[in-house]
Amino acid sequence: MDDLIFSLRAVRFSYLKKYPALGGLDMDIARGQKIAILGANGSGKSTLLQLLDGLIFPDTGSVEAFGRRLDEAALNNADFSRRFRSKVGLVFQNPDIQLFCPTVKEDILFGPLQLGLDKAKMNKRVDEVITSLGIGDLLERSPHQLSVGEKRKVSIATVLAIDPDVLLLDEPTAGLDPQTSRHIMDIIIEANVKGKTVITATHDLHIVEEIASLAYILSRERKIAKSGPVEELLKDVELLQANNLRHIHKHRHKDMEHIHPHQHTEHHL
Ligand SMILES: Nc1ncnc2c1ncn2[C@@H]1O[C@H](COP(=O)(O)OP(=O)(O)OP(=O)(O)O)[C@@H](O)[C@H]1O
Ligand SMILES: [Mg+2]
């Protein structure tokens with residue numbers, strides 16, 4: 001299938017060969033899909049995104065990207081690697097991993113320069129991204145001196161500056177104020193409308209319906225518990241609870257204290 005971007009078969013991965021992180025995943029991701037990866041802490045979401053970004057490779061099983069096996073040999077090929085890196089961009093969960101240049105501006109220009117993108121196009125793109133994210137006043141600052149939310153916005157900018165076809169976003173709204181969070185969601189939605197494939201890892205069920213039409217829920221065993229249309233999965237209360245995506249609240253009403261499950265899609269009053 002031409003439109004298949006990623007194809008995973010029986011993918012297992014463990015860190016240092018002893019800490020299991022992915023317990024056998026099968027996935028097919030097509031061009032233009034809007035996907036959420038859901039799961040409790042430690043269920044393998046970040047690991048999966050790093051695997052899709054070709055930063056780590058399965059212990060067993062296979063990953064194909066754009067019809068080619070994504071392994072160390074493929075990424076050691078300079079031509080494939082450059083094409084892959086210009087097509088796929090990952091926003092890390094931890095911005096401190098993403099940002100390593102002395103200034104914000106250098107961090108944003110790093111990717112496009114490395115990939116040798118057309119200068120005029122690059123400058124236009126970078127200006128648009130900086131304006132869109134409202135980070136113009138941060139450009140000369142050191143990334144390490146920024147607030148958590150500012151760092152997150154700069155991280156997102158470094159990837160948008162490359163204008164990849166596939167966006168891999170690891171908890172992109174974590175630590176952002178409501179307005180900025182809304183803005184990031186709009187960027188995700190718009191990117192997808194323009195035809196980009198967007199894969200977002202999150203446990204914030206509030207945002208899932210907007211930023212994804214399909215979801216994969218990773219289980220505690222770090223396998224796919226279920227995948228399917230977002231609205232169907234979000235209705236499956238037992239599934240969400242079994243996978244730690246629904247929590248139990250203690251409430252006090254007058255003199256009565258009671259406990260009931262609460263879904264992240266329901267807003268607190
Ligand atoms: N660098 C590492 N070294 C060893 N084990 C790791 C490392 N990174 C992750 N793990 C382990 O791999 C498993 C999956 O972690 P991962 O970070 O992919 O989960 P996650 O779903 O992204 O969690 P979170 O919601 O907390 O971000 C966890 O058990 C974790 O302890
Ligand atoms: Mg994570």
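Look up: the structure comes first, before these words.
Below, the structure is looked at part by part. (Residues numbered from 1 in each chain as written. Chains lettered and ligands numbered in written order. Predicted model: local features only at pLDDT ≥ 70, side-chain atom pairs only at ≥ 80, totals over all residues. Heavy atoms only, no water.)

### Topic: the overall build of the protein
This is how it is decided: Segments assigned H or I by DSSP are reported as helices when at least four residues long, segments assigned E as strands when at least two residues long, and all are numbered from the N terminus. Exposure categories follow from relative accessible area, calculated using a 1.4 Å probe and restricted to protein chains: below 20% of the type maximum is buried, above 50% is exposed, and the middle band is partly exposed. When checking whether two residues touch, look at their non-hydrogen atoms; a contact exists if any pair is within 4.5 Å. Each accessible area is a Shrake-Rupley estimate made with a 1.4 Å probe; only the visible protein chains count as cover when residues are assessed. Charged residues are defined here as Lys and Arg on the positive side and Asp and Glu on the negative side; His and the ends of the chain fall outside this count. A single reference atom marks each charge: NZ on Lys, CZ on Arg, CG on Asp, CD on Glu.
Tallying secondary structure elements over the protein gives 11 helices and 12 strands in all. Within the protein, the proportion of its 269 residues that are buried is 50%. Expressed as a percentage of contacts within the protein between residues at least 6 apart in sequence, the contacts between residues at least 24 apart total 61%. By element, 51% of the accessible surface of the protein is carried by carbon and sulfur atoms, the whole surface being about 13,600 Å². With 34 positive and 37 negative side-chain charges, the protein shows a spacing of 3 Å between the two charge centroids.

### Focus: the coordination of the magnesium ion (ligand 2)
Operational definition: For Na, K and Ca the donor cut-off is 3.2 Å, and for all other metals it is 2.8 Å, counting N, O and S atoms only; because water is absent from this set, sites may look incomplete.
In the first shell of the magnesium ion (ligand 2), the protein supplies Ser46 (OG) and Gln93 (OE1), at 2.0 to 2.1 Å from the metal. In this pair, Ser46 sits in helix α1 (residues 45-52) while Gln93 sits in the loop between β6 (88-91) and α4 (95-98), placing the two residues 47 residues apart along the sequence. Judged by its relative accessible area of 18%, Ser46 is buried. For Gln93, a relative accessible area of 38% gives the class partly exposed.

### Comments concerning the site of ligand 1
As a reminder of what qualifies: Here a residue is considered near a molecule or strand provided that any single heavy atom belonging to it is located within 4 Å of it. As used in this structure description, the phrase polar contact means that two N or O atoms lie within 3.5 Å; if the pair is within protein, one of them must be able to donate a hydrogen and the other to accept it, and residues adjacent in sequence are counted only when both atoms belong to side chains.
In the vicinity of ligand 1 there are 15 residues, among which Gly42, Lys45, Ser46, Thr47 and Gln93 approach most closely. With respect to ligand 1, the side chain of Lys45 contributes an N or O atom lying 2.7 Å from an oxygen atom. Between an oxygen atom of ligand 1 and a side-chain N or O atom of Gln93, the distance comes to 2.9 Å. Expressed as a share of its isolated accessible area of 640 Å², the protein-covered part of ligand 1 is 67%. Secondary structure elements with two or more residues in the shell around ligand 1: β2 (19-30) and α1.

### Quick look at the pattern of salt bridges
Rule in force here: By definition here, a salt bridge exists when the distance from a side-chain nitrogen of Lys or Arg to a carboxyl oxygen of Asp or Glu is within 4 Å.
By the definition in use, this model includes 13 salt bridges. Two residues, Lys151 and Asp96, come together in a salt bridge whose shortest N-O distance is 3.0 Å. One end of the pair, Lys151, is in helix α7 (residues 148-160); the other, Asp96, is in helix α4, with 55 residues separating them in the sequence. On the basis of relative accessibility, which here comes to 13%, the residue Lys151 falls in the buried class. Overlapping salt bridges bring together Arg125, Asp163 and Lys196 as one network.

### Observations concerning the sheet that holds strand β3 (residues 34-39)
Formally: Here, strands pair whenever DSSP counts at least two bridges between them. Axis definition: a line fitted to C-alpha atoms, limited for helices to the stretch in contact. Angles are taken between N-to-C directions and run from 0 to 180 degrees.
Read from one edge to the other, the open sheet built from six strands follows the order β6-β7-β8-β3-β9-β10, with strand pairing classed as mixed. Only two strands of the sheet have a single neighbouring strand rather than two, namely β6 and β10 (224-229). When strand polarity is set aside, the average angle formed by the axes of neighbouring strands in this sheet is 15 degrees. As defined by bridge partners, β3 adjoins strand β9 (residues 214-218) across five bridges and the pair is classed as parallel. When the bridges of β9 are listed, Ile37 appears paired with Tyr216. Most of the contacts of α7 go to β6, to which it runs at about 175 degrees, and overall it touches β6 and β7 (166-170).

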